[in-house]
Structures are given as C-alpha cells and as structure tokens.
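Now for the letters of each chain:
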Amino acid sequence: MQGVWTREWIEVNGVRSSRFAVHYLQTPSLFADVRLPIQRPAFAHATSFADLTDDELLLLAKQRGFTGRVTAVGDTITWQHEIDFQPPDGTPDIGRVQRIGPTQMYEHALDSSYVESWRSVASGDEAFLVVRVERAGRLDQILLVASDYFLYVRNRSADLPVAKSLDSLIVATRASRTQIIALLDCEFSTGRVRAGSVPWEIQASTLPWREGHQLAFANAIAVLPDSIHLSVHVSSTERWVVPINTLPKAVLVALFPTTR
C-alpha cells in the first residue's frame, strides 16, 4: 500500500457511492488521509474563517482526515490515528486489503459492512520523507512525502472528545461561532512537491483558502551540506524528528535549500 492512492467508490449494503475526493499517502510506517466532500464549494471569496458564514462553517465540519501509524498482519491492516479531523468514535480502524493488481486494491471491512475500491496514483518508488513535530508529547504537525506528492497535517489546539461526528458535537455542546472555528482549525493539505510555478503547491485542503498557495512548513526544512541529513527548525517547546528519509540527495537538494 506504500505510495499515493485515491478511493474510487465505497459500497455499503450493495449501494456504491463516491461522495468524497479521497487522497491517501502511505510511507513504510506512517500514513495520512484527507477526504473532502465532492460537492463542497471552493469558497473562493474566503481568506480565513472570518470570511465564512455560520452555514459555511458547518459545511467544513463534514470534511474528514486522519494521520498516524499503520501496521499489517498478513492482509489485515490497522490504522492507528494520532490526529483526526473528526472526533474519535471509539471504533478501531481495521480492514482487510485485497490486491487486484499493481494499481488496484479492495479494502474489506472485517464484518463485511463495506467494500472500498482504491486506485494507485503514485508508487512512491521507495522514496519517502516524514517530518514530525511534537509539542508537549502530542503530535502537532507532520509532513509526509511519497514520490513528488505530499500530505501535511497540523493538529488543532486540543483533542476532541468521543462523539459520532463534528456535526453532532457542535449540536450537543451548543458551540458558539468561536468554538466552532476552534473545532475546525485542523489542517489537512495535500498537493505536489513541484507543480507549475508554485513549489510545494497545495491542491486540496480542509482550509480552502490554502489551495493554490505554497506549503509554508517546507520553509522550515533545509539540507545539511555534504550530507543526506536534514536540518529542521529547533525550538525549546517543540520536538522535531525525521523518522523516515529515503529521498536521494539530489532530490533533497531540489526540494529544500542547503544550509551554509
């Protein structure tokens, strides 16, 4: 499953649908997944949450995304979420994967409640990068790269309580506009490392106004001279680590500036 995948459809009770544009990126041990409703407006007028109406904020609450660690036992896969756009519902994320060919796979629920069809977008070609930022022992940001695709995640300021969905949590807590924005302030952005005239261009994001712009997080990373190691931002309140880096030196130099 390493590389970049998109979901073609999900079948539940014999009915196939495709209501989300799904972007999935997996490295050897870490993954990220973002799912945006296909009918979500582009919100071209917005530059921040402040530009959205209360109804538009509620549309963003229907987005999905998660990132964390992945393990496999045979064809059974477990996705352990560290950051989740939606509230946790207490259900483990486990499925059985059936490879159809080099570019196609089905994911089956263990209880046969659903089947999903996935198509490969890029294999990764064994070239991966992951940069993690932890704050107070909690995952705060993560950048995953496979081939020339990336998926970046920034956590919200506080973990969500167990709930069926963001919609139900907003209703149950009678959240104010300020509280709703705090719930939504969790970024999942995906794009191409080199796309057109904008390097690290964000092509899809849970924060729509990020789309079409450069991923600023990449500016905090540099390549050490005469080395394949990366130099990352140093902070007394954060812990930066690079758990995976199999990108060739030439690729690293092309992606990041070189320290002097």
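Novice: I'd love a proper account of the overall build of the protein, names of residues and values included.
Specialist: A tally of regular secondary structure across the protein gives four helices and 17 strands. For the protein, the spread of C-alpha atoms along the principal axes amounts to about 55 × 45 × 35 Å. Looking at the protein residue by residue over its 260 residues, the buried ones come to 48%. Restricting the contact set of the protein to residue pairs at least 6 apart, pairs at least 24 apart contribute 56%. Of the accessible surface of the protein, which amounts to about 12,800 Å², a share of 53% is contributed by carbon and sulfur atoms. Within the protein, one finds 25 positive and 28 negative side-chain charges whose respective centroids are separated by 1 Å.

Novice: Residue-level account of helix H2 (residues 166–173), with values.
Specialist: Here H2 has its buried residues at Leu166, Leu169 and Ile170. Down the axis of H2, the sector holding all buried residues measures 100 degrees, keeping them to one side. Looking at H2, the residues exposed on the side facing more than 90 degrees away from the buried face are Val171 and Ala172. Looking at the packing, one finds that the buried side of H2 touches helix H1 (54–60) and helix H3 (177–184). Two to three positions downstream of the cap, the backbone nitrogen of Asp167 sits 3.4 Å from a side-chain oxygen, assigning the N-cap of H2 to Ser165. Immediately downstream of H2, the backbone of Arg174 shows phi near 50 degrees, a positive value.

Novice: Can you break down the side chain of Arg154 residue by residue, with the values?
Specialist: Within the secondary structure, Arg154 is located in strand E12 (residues 149–154). A polar contact of 2.7 Å, which involves the side chain of Arg154, links it to the side chain of Asp185. Here Arg154 is in contact with Asp140, Gln141, Asp185, Cys186, Glu187, Leu207 and Arg210, once residues within four sequence places are set aside.

Novice: Let's hear about the nonpolar core: which residues, and what values?
Specialist: Counting residues in each nonpolar core, the largest one holds 40 residues, and the members touching the most others are Leu166, Leu184 and Phe188. Every element with two or more residues in this core is listed here: strand E4 (30–37), H1, strand E10 (128–135), strand E11 (138–146), E12, H2 and H3. Residues in contact with Leu166, not counting those within four places in the same chain, are Ala61, Phe85, Gln86, Pro87, Arg156, Leu160, Leu183 and Leu184. Of all hydrophobic cores here, the second largest spans 23 residues; its members include Val193, Ile202, Phe217 and Val223.

Novice: Provide a residue-level description of unusual backbone geometry, including the pertinent values.
Specialist: In this structure, Phe43 takes a positive phi of about 55 degrees despite not being glycine. Tracing the chain through its elements places Phe43 in the loop between E4 and H1. Take Phe43: its relative accessible area is 5%, and that puts it in the buried class.

Novice: Which residues make up the pairing of strand E7 (residues 93–101), and what values do they have?
Specialist: Relative to E7, strand E6 (residues 76–84) is paired through four bridges, and the arrangement is antiparallel. Residue pairing in the sheet places Thr76 in a bridge with Arg96 of E7. Once E7 ends, the chain turns through two residues before running back antiparallel as strand E8 (residues 104–109).

Novice: Kindly report on the packing of aromatic side chains, identifying the contributing residues and their values.
Specialist: Tallied over the entire structure, the rule returns nine aromatic pairs. Residues Tyr152 and Phe217 carry aromatic rings whose centres are separated by 5.1 Å and whose planes lie at 35 degrees to one another, so their mutual orientation is tilted. On the criterion of sequence distance, the pair formed by Tyr152 in strand E12 and Phe217 in the loop between strand E14 (198–205) and strand E15 (221–223) is long-range, its members being 65 residues apart. Note on Phe217: relative accessible area 8%, which makes it buried. Where Phe217 meets Trp240, the ring centres are 5.2 Å apart and the plane angle is 5 degrees; that geometry is what we call stacked. Pair noted here: Phe217 is in the loop between E14 and E15 and Trp240 is in strand E17 (residues 238–245), with a separation of 23 residues, a long-range link. Trp240 shares its class with Phe217; the two are buried. Aromatic ring contacts, followed pair by pair, group Tyr24, Phe31, Phe66 and Trp118 into a single cluster. The ring of Phe85 has Arg156 lying over it, and the distance from NZ or CZ to the ring centre is 5.6 Å. When the ring centre of Tyr149 is taken as origin, the NZ or CZ atom of Arg192, which lies over that ring, is 4.0 Å away.

What counts and what doesn't
Residues numbered from 1 in each chain as written. Predicted model: local features only at pLDDT ≥ 70, side-chain atom pairs only at ≥ 80, totals over all residues. Heavy atoms only, no water. Helix = DSSP H or I, 4+ residues; strand = E, 2+ residues; numbered from the N terminus. Buried < 20%, exposed > 50% of the residue type's maximum accessible area, 1.4 Å probe, protein only. Contact = heavy atoms within 4.5 Å. Areas by Shrake-Rupley, 256 points an atom, 1.4 Å probe, with all protein chains shown as cover. Lys, Arg positive; Asp, Glu negative; His and termini not counted. Charge placed at Lys NZ, Arg CZ, Asp CG, Glu CD. Arc of directions from axis to C-beta. Polar contact = N/O pair within 3.5 Å; in protein donor to acceptor, adjacent residues only side chain to side chain. Core = buried A, V, L, I, M, F, W, Y, C linked by side-chain atoms within 4.5 Å. Pairing = 2+ DSSP bridges. Phe/Tyr/Trp six-rings, centres within 6.5 Å; stacked < 30°, edge-to-face > 60°. Lys NZ or Arg CZ within 6 Å of the ring centre and 35° of its normal.

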